[in-house]
Amino acid sequence: MPGNDTKQILINHSSTDCSHNASMATDTNESHLLIIEDDQGRKEFPLEDPVYSIGRDRECNIRLMSQFVSRRHATLVRLPREHNSHSYYYRIVDGDAKGKPSSNGLMVNGRKMPAHDLRNEDEIVFGPQVRAIYYLLRNTERPGQTDNSEYDITLINPGMTEDLED
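Everything in this summary refers to the structure shown in the same document. It should be emphasised that the depicted structure is a prediction, and the values quoted were computed from it without experimental measurement.

## A word on the environment of Arg 58
- Looking at the secondary structure, you find Arg 58 in the loop between strand S3 (51-55) and strand S4 (62-63).
- A relative accessible area of 70% means that Arg 58 is categorised as exposed.
- For the pair Arg 58 and Arg 71, spaced 13 residues apart in sequence, the C-alpha separation works out to 8.4 Å.

Written as structure tokens, this is what we have:
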């Protein structure tokens, strides 16, 4: 089936080693978040998987509740950054993983686009009153590393202060 070949290319083009996913997150200390606003309000989706389907179909990973959204409106694909094999980004592609475009397309930051490599605070509009904002969150400290001054508790004996004043 040619449709499955396209889906396989999208999946293979991303880093899909699931055993590596947890270590990737801790190595880079990045987290990816998609906040969706639709007819049912606001929902947050932490992004960790290699591929997400977005649309109103019940089987979509990220379900949009609106009659103006296609059943399989868009696909999110995780791709490795060129300069850092432990870091990655997400690309949003109009339509399903088989290459069939949505009826109304995608607007990213006010421009209609067939695909876009997401950057922090990009806004994606799927239809009237249905939008998403993508966040790339970076922590400056690595897990397991702490600032030692945070735990420096110096105990002072009251008798010691008198010696310092003499």
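## A short note on the pattern of salt bridges
- All told, the structure shown has seven salt bridges when counted by the stated rule.
- Notably, a salt bridge pairs Arg 91 with Asp 117, separated by 2.6 Å at the nearest N-O pair. Here Arg 91, found in strand S6 (residues 88-94), pairs with Asp 117, found in strand S9 (residues 115-117); they are 26 residues apart in sequence, far enough to count as distant.
- You can call Arg 91 partly exposed: its relative accessible area is 26%.
- For Arg 131, the salt bridge is made with Glu 123, and the minimal N-O distance between the two is 2.3 Å.

## Thoughts on the layout of surface pockets
- Quantified by volume, the second largest pocket comes out at close to 160 Å³.
- Lining the second largest pocket we find Arg 56, Ser 70, Arg 71, Arg 72, Asp 96, Lys 100, Pro 101, Ser 102 and Ser 103.
- Partitioning the lining of the second largest pocket into residue classes produces one nonpolar, three polar and five charged.

Thresholds applied
- What you see as residue numbers is a count from 1 along each chain, following the sequence as written.
- Selection of residues for local features in this predicted model requires a pLDDT of at least 70, selection of side-chain atom pairs for listing and counting requires 80 or more, and totals for whole chains, interfaces and linings are taken over all residues.
- Side-chain metrics in this entry use all non-hydrogen atoms of the structure; hydrogen atoms and water are not considered.
- Put simply, DSSP H or I for four residues or longer makes a helix, DSSP E for two residues or longer makes a strand, and each gets a number counted from the N terminus.
- For every residue, the accessible area (1.4 Å probe, protein chains only) is compared with the maximum for its type, and the residue is labelled buried under 20%, exposed over 50%, or partly exposed between those bounds.
- Whenever a carboxyl oxygen of Asp or Glu lies within 4 Å of a side-chain nitrogen of Lys or Arg, that contact is scored as a salt bridge.
- Computed over the protein atoms alone on a 1 Å grid, cavities are sets of points where a 1.4 Å probe fits but cannot get out and pockets are open sets with protein on both sides within 12 Å along at least five of seven lines; a residue lines them when it has an atom within 4 Å of a point.
- Grid points are joined across faces, edges and corners, and a volume is the space filled by probe spheres set on the points.
- Residue classes follow a fixed rule: Ala, Val, Leu, Ile, Met, Phe, Trp, Tyr, Cys and Pro count as nonpolar, while Asp, Glu, Lys and Arg count as charged, and any other residue, Gly among them, counts as polar.

Remember that the coordinates give geometry; whether it matters functionally is a separate question.
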